[in-house]
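Summary of structural features
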Amino acid sequence: QGQLVESGGGLVQPGGSLRLSCAASGSAFSTSFMLWYRRAPGKERELVAGITSSGIENYSEAVRGRFTISRDNAKNTVYLQMNSVKSEDTAVYFCRCLRPPTVDYWGQGTQVTVSS
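The notes below deal with the structure included here. These numbers come from a predicted model, not from an experiment.

1. Here we look at the overall build of the protein chain
Looking only at helices and strands, the protein chain features zero helices and eleven strands. Reading the protein chain from its N terminus to its C terminus gives the helix and strand order β-β-β-β-β-β-β-β-β-β-β. For the protein chain, whose C-alpha radius of gyration is 13 Å, the value lies close to the compact-globule estimate of 13 Å for 116 residues. Seen along its three principal axes, the alpha-carbon backbone of the protein chain occupies a region of about 40 × 25 × 25 Å. Within the protein chain, the proportion of its 116 residues that are buried is 46%. Put simply, 53% of the contacts in the protein chain that link residues at least 6 apart link residues at least 24 apart.

Spelled out as structure tokens, the structure:
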């Protein structure tokens, strides 16, 4: 298994933007699904966005039209561009590398706080 390290979290005002990054080690990245999840205080973890190895994107209804997931296979990195953020986007954001049945690992998470 490899490792994932998220970065880019922090404090942002409502309506602002933030870009999260997730850097992967190991050889599985370019052939794996990459996913972003979040866990808000007092809530279950939820899937936010995913991208296939070929670049097909998918989003939850909560973020569609505001967030964009992308990947750079040459850099083994996946990104989450967050625009027009809202207070309900406040959460710990996690990335996941998935290629069933043998590859499934998570990052440690990065905190995003939306507040004025």
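2. Examining the environment of Y93
Structurally, Y93 can be placed in strand β9 (residues 91–99). On the accessibility criterion, Y93 (0% relative accessible area) is buried. C-alpha separation for the pair Y93 and R39, spaced 54 residues apart in sequence, amounts to 6.6 Å. A distance of 2.6 Å separates a polar atom in the side chain of Y93 from the backbone oxygen of D89.

3. Description of the pairing of strand β4 (residues 33–39)
Burial analysis of β4 places five of its seven residues in the buried class, the great majority of the element. Taken together, the seven bridges between β4 and β9 define a ladder with antiparallel strand orientation. Note that in β9 the partner of M34 across the bridge is C97. In this sheet, strand β5 (residues 46–51) lies alongside β4 in antiparallel orientation, the contact comprising five bridges. Note on β5: the bridge partner recorded for W36 is A49.

4. Focus: the nonpolar core
Core analysis: the largest hydrophobic core is formed by 30 residues, its most contacted members being W36, L80 and Y93. Of all the secondary structure elements, the ones that give two or more residues to this core are β3 (18–24), β4, β5, β7 (67–72), β8 (77–82), β9, β10 (103–106) and β11 (110–114).

Rules used throughout
- Residues numbered from 1 in each chain as written.
- Predicted model: local features only at pLDDT ≥ 70, side-chain atom pairs only at ≥ 80, totals over all residues.
- Heavy atoms only, no water.
- Helix = DSSP H or I, 4+ residues; strand = E, 2+ residues; numbered from the N terminus.
- Rg over C-alpha atoms; globule rule 2.2 N^0.38 Å.
- Buried < 20%, exposed > 50% of the residue type's maximum accessible area, 1.4 Å probe, protein only.
- Contact = heavy atoms within 4.5 Å.
- Polar contact = N/O pair within 3.5 Å; in protein donor to acceptor, adjacent residues only side chain to side chain.
- Pairing = 2+ DSSP bridges.
- Core = buried A, V, L, I, M, F, W, Y, C linked by side-chain atoms within 4.5 Å.

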